[in-house]
Amino acid sequence: MKDEPEEATGEKSGMKVPAGLRGKREEREGKEKREAEFSRRIKVKAARKLRARRAGNRNTEMVWAGLGMIGLVGWGISVPTVLGVALGIWLDRRFPGGYSWTLTLLFAGLLVGCLNAWRWIVREEQLTRRKESQEVAAQERGSKSKNETSDATREMGKQDGVNKANRKITENEQGEG
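Residues numbered from 1 in each chain as written. Predicted model: local features only at pLDDT ≥ 70, side-chain atom pairs only at ≥ 80, totals over all residues. Heavy atoms only, no water.

Asks: Looking at this model, I keep getting lost on the overall build of the protein. Mind explaining?
Replies: A count of helices and strands for the protein gives 2 helices and 2 strands. Element order for the protein, N to C, with α for helix and β for strand: β-β-α-α. Taken over 177 residues, the protein has a buried fraction of 8%. When contacts within the protein are restricted to residue pairs at least 6 apart in sequence, those whose partners lie at least 24 apart make up 41%. Taken as a whole, the protein presents about 15,400 Å² of accessible surface, with 59% of it coming from carbon and sulfur. (Helix = DSSP H or I, 4+ residues; strand = E, 2+ residues; numbered from the N terminus. Buried < 20%, exposed > 50% of the residue type's maximum accessible area, 1.4 Å probe, protein only. Contact = heavy atoms within 4.5 Å. Areas by Shrake-Rupley, 256 points an atom, 1.4 Å probe, with all protein chains shown as cover.)

Here it is in structure tokens:
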């Protein structure tokens, strides 16, 4: 009877499992663990790549937004200044006097342009901060829901384990009876 494989006790069920089958089960479990670890590593790398891509897009968007802001501020200051100078020249030709309308309206246009640009920049900054705080809040809600989902999955897994253990106990009791 040496040709028959030795039987070993199964860890979980308490039933006798032939040695050859036990090795295959361990091999299958090892393969499943390796696949799960591989899958986990792929998910981590994919998430890291997406974060990097989003950060790169944000940097590019910030550069273009900054250049656009410089352009708008420049136009916002230069247009009132040029209009003031043009009006001043017309007034100097039309109503010559003791002081220069051109210089007066140049400074007035410059002042109006700077005030408008300052007001626009403050408003844009407030909008940007509000948008960023909304994004952070959305990310926090997303991470909470992910955690809740993983907690629920864990609970279901625990319940599955309890159900399997109960079934095995019932099977063993029926086998003894």
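Asks: Can you help me understand the packing of aromatic side chains in this one?
Replies: In this description, a pair of aromatic rings is defined by centroid distance and the angle of the planes. Taken as a whole and judged by the stated rule, the model has 1 aromatic pair. Aromatic pair Y99 and W101: ring centres 5.5 Å apart, planes at 50°, arrangement tilted. (Phe/Tyr/Trp six-rings, centres within 6.5 Å; stacked < 30°, edge-to-face > 60°.)

Asks: Could you clarify how one ought to interpret the side chain of T102 in this entry?
Replies: Among the secondary structure elements, T102 is positioned in helix α2 (residues 101-176). A distance of 2.6 Å separates the side chain of T102 from the side chain of D92, its partner in a polar contact. When residues no more than four places from it in sequence are discounted, the contact partners of T102 are V85, G88, I89 and D92. (Polar contact = N/O pair within 3.5 Å; in protein donor to acceptor, adjacent residues only side chain to side chain.)

Asks: Is there a simple way to explain the UniProt feature "transmembrane region" (unreviewed entry) in the protein in this structure?
Replies: Following the UniProt record, the feature "transmembrane region" (unreviewed entry) maps to residues 63-91 and 103-122 here. Along residues 63-91, the helical share is 100% and the strand share 0%, with 42 Å between the first and last C-alpha atoms. (UniProt positions renumbered as here; feature names shortened; annotations may be inferred.)

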